[in-house]
Amino acid sequence: MARRRSKETAGPAASGAGSGCTVTVCRGCCCGTTAKHPEVDHGAQLERLRQGVGDAGRVRAVQCLDACDHSNVVVVSPSAQGRLAGGRPVWLGWVLADDMLDEISEWVRAGGPGIAEPPGTLDLQEFAVSRRVREGLPG
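Note on numbering: residues in each chain are counted from 1, in written sequence order. Residue-level local features of this predicted model are given only where pLDDT is at least 70; pairs of side-chain atoms are given and counted only at 80 or more, and the full residue set underlies all totals for whole chains, interfaces and linings. Water and hydrogen atoms were dropped before computing side-chain values, which therefore reflect all heavy atoms in the structure.

Sorry, what's going on with the packing of aromatic side chains here?
For Phe, Tyr and Trp, rings pair up if their centres lie within 6.5 Å, where Trp contributes its six-membered ring, and each pair is then called stacked (planes under 30 degrees apart), edge-to-face (over 60) or tilted (otherwise). Going through the model one piece at a time under the given rule, you end up with two aromatic pairs. Considering the side-chain rings of Trp91 and Phe127, the 5.9 Å spacing of their centres and the 70° angle between planes classify their relative orientation as edge-to-face. A residue pair is termed long-range when its members are at least 10 positions apart, and Trp91 in strand β4 (residues 90-92) and Phe127 in strand β5 (residues 126-127) qualify at 36 residues. Neither residue differs from the other here; Trp91 and Phe127 are each classed as buried. Grouped by ring-pair contacts, the aromatic residues Trp91, Trp94 and Phe127 constitute a single cluster. Under the DSSP-based scheme used, a helix requires at least four consecutive residues in state H or I and a strand at least two consecutive residues in state E, with every element numbered from the N terminus. Classification of residues uses two cut-offs on accessible area relative to the type maximum, computed with a 1.4 Å probe and protein chains only: under 20% is buried, over 50% is exposed, and between them is partly exposed.

Pasting the structure below:
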């Protein structure tokens, strides 16, 4: 996991200054479909993340993150300040429950990768992707 600094030593990003984190949600292939996860309201998940993150960052949905074995996939990318502090994008898999969405939102509001430790069980959701997948992502 990326190196993190505590909120007290992180500087302006910890107080909400700057562009904030980006939360990328896979929603075009098997992630976000009722075919693979019929018990999940995928539209409500996206809205819950947007509401939870608020103006602390941005949430975007993309067609496919090419990590289907970990469906539903969410990537939390650090803010500019988080990158300067050593933060890197964190890939989270099997994001299916509301408590996971709430923990992601809480983490983004606290500063995200490079600034704050992830709460609760998010460490258990983290997985690594190949360079081919990372380099093929939009944006």
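More follows now that the structure is in view.
Where do I start with the sheet that holds strand β2 (residues 57-62) in this structure?
Within a sheet, adjacent strands bond to each other through the backbone by hydrogen bonds, running parallel or antiparallel. Pairing in this open sheet of five strands is mixed, and the strands run β2-β1-β3-β4-β5 from one edge to the other. In this open sheet, the two strands that pair with only one neighbour each are β2 and β5. Across the sheet, helix α1 (residues 42-53) lies against β1 (21-26) and β2, angled at about 165° from β2, the strand it touches most. In what follows, residue pairs with any heavy atoms lying within 4.5 Å of each other are defined as contacts. The axes used here are C-alpha line fits, helices contributing only the stretch in contact, and every angle between their N-to-C directions lies in the interval 0 to 180 degrees. The sheet contacts of helix α3 (residues 98-110) involve β1, β2, β3 (74-77) and β4, and relative to β3 the element is tilted by about 10°. Pairing between two strands requires that DSSP report at least two bridges joining them.

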